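Each chain, letter by letter, is given below.
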Amino acid sequence: MNLDHVFVCGHPALDFAATLRARRSTRFEMFVTPERLTAWYLESGLVDTITPGDDSDVRAATAVREAVYRLVTDRRLGQEFDAEALATVNAAARETPVTPQLTPAGRHTEATPAQALATVARQAVELLSGPDVPLLKECGNPECTRVYIDRSRGMRRQWCGMESCGNKIKAAAYRARKKTAPAGARG
Ligand SMILES: [Zn+2]
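Report on the accompanying structure. The shown structure was predicted, so the numbers you read here are calculated from the model rather than taken from an experiment.

## Regarding the pattern of salt bridges
Logical step 1: All told, the structure shown has 9 salt bridges when counted by the stated rule.
Logical step 2: A salt bridge links R70 to D82, with the shortest nitrogen-to-oxygen separation between them at 3.4 Å. A residue pair is termed long-range when its members are at least 10 positions apart, and R70 in helix α3 (residues 55–76) and D82 in the loop between α3 and α4 (83–94) qualify at 12 residues.
Logical step 3: D132 serves as the salt-bridge partner of R151, at 3.0 Å between the closest nitrogen and oxygen. Within this pair, whereas R151 is found in the loop between β7 (147–149) and α6 (162–180), its partner D132 is found in the loop between α5 (113–128) and β6 (136–138), the two being separated by 19 residues in sequence.
Logical step 4: Salt bridges linked by common partners bring R23, E29, R65 and E66 together as one network.

Here it is in structure tokens:
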């Protein structure tokens, strides 16, 4: 796996939660350095410029991220919110968020990593109190563990993305079918 950030979940709080990948197996961490964290804030479109962060920003971000993931999972499974996770996300949401500024060139947002994290926490509050909760779905690739918003008709979307998971699973299923088919049926 590479460290390029991807945004396939349909909501920034879900993409943020998915930066610990393959949660049930290899647990692949995307925020390995303060730079990879600030790159996420930039690439997500949350901020235009950001001040450099340090290891304490990574620790704060991963703590909030794990709390967001826990709350998303609780909602997805129809369980009560975990009290500790709730307190963590709410505390982060109370901090000063990213503030957009108007410049001659248009809207510009400059932030610290702490402000960017507060904004992600607020977005998680909006998501988990909003109308999209029934649409939360975990990717059909059991290795993946990304949760996305399924806006497809009849909620029939199976994967976080075709490129990230769908094609991989379909290719594996095809290989499995080929293996078990009688010799004459092979093509
Ligand atoms: Zn997936």
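## Re the coordination of the zinc ion
Logical step 1: The zinc ion binds to the protein through C139 (SG), C144 (SG), C160 (SG) and C165 (SG), with metal-donor distances spanning 2.3 to 2.4 Å.
Logical step 2: One way to put it: the 4 donor atoms around the zinc ion meet at angles of 102 to 117°, and that makes the site tetrahedral.
Logical step 3: Ordering the donors of the zinc ion by residue number gives the pattern C-x4-C-x15-C-x4-C. You can see C139 sitting in the loop between β6 and β7 and its partner C160 sitting in the loop between β7 and α6, a full 21 residues away along the chain.

## Thoughts on the pairing of strand β5 (residues 106–111)
Logical step 1: Strand direction decides the pairing type here: strand β3 (residues 49–50) and β5, joined by 2 bridges, are parallel. Residue pairing across strands places T49 opposite E110, the latter belonging to β5.
Logical step 2: Alignment of strand β4 (residues 100–103) against β5, held across 4 bridges, turns out to be antiparallel. Counted as the bridge partner of L102 is R107 from β5.
Logical step 3: Hairpin geometry of β4 and β5 is characterised by an intervening segment of 2 residues between the two adjacent antiparallel strands.

## Things to note about the packing of α4 against α5
Logical step 1: Where α4 contacts α5, the two axes come as close as 7 Å, and the packing angle between them is 125°. The angle between the axes of α4 and α5 places the two elements in the oblique class. Of the two possible hands of crossing, α4 and α5 adopt the one that is left-handed. Each of V89, N90, A92, A93 and R94 in α4 lies in contact with α5, whose residues at this interface are A118, A121, R122, A124 and V125.
Logical step 2: A class-by-class count of the residues in the contact of α4 with α5 yields 7 nonpolar, 1 polar and 2 charged.

## Observations regarding helix α2 (residues 34–43)
Logical step 1: Within α2, 7 of the 10 residues are buried, which leaves it mostly tucked inside the rest of the structure.
Logical step 2: When we look at burial in α2, the residues that qualify are P34, R36, L37, T38, A39, W40 and Y41.
Logical step 3: Where α2 is buried, its residues touch α1 (12–17), β3, α3 and α5.

## Some thoughts on the sheet that holds β3
Logical step 1: Strand order in the open sheet formed by 3 strands is β3-β5-β4, with mixed pairing between adjacent strands. Edge positions in the sheet fall to β3 and β4, since each of these pairs with one other strand and no more.

What counts and what doesn't
Residues numbered from 1 in each chain as written. Predicted model: local features only at pLDDT ≥ 70, side-chain atom pairs only at ≥ 80, totals over all residues. Heavy atoms only, no water. Salt bridge = Lys/Arg side-chain N within 4 Å of Asp/Glu carboxyl O. Helix = DSSP H or I, 4+ residues; strand = E, 2+ residues; numbered from the N terminus. Donors = N, O, S within 2.8 Å, 3.2 Å for Na, K, Ca; no water. Tetrahedral: all angles 85-135°; square planar, octahedral: opposite > 155°, others 65-115°. Pairing = 2+ DSSP bridges. Axes fitted to C-alpha atoms, helices over the stretch in contact; angles between N-to-C directions. Parallel < 35°, antiparallel > 145°, perpendicular 65-115°, else oblique. Left-handed = near helix turned anticlockwise from the far one by under 90°. Contact = heavy atoms within 4.5 Å. Nonpolar A, V, L, I, M, F, W, Y, C, P; charged D, E, K, R; others polar. Buried < 20%, exposed > 50% of the residue type's maximum accessible area, 1.4 Å probe, protein only.

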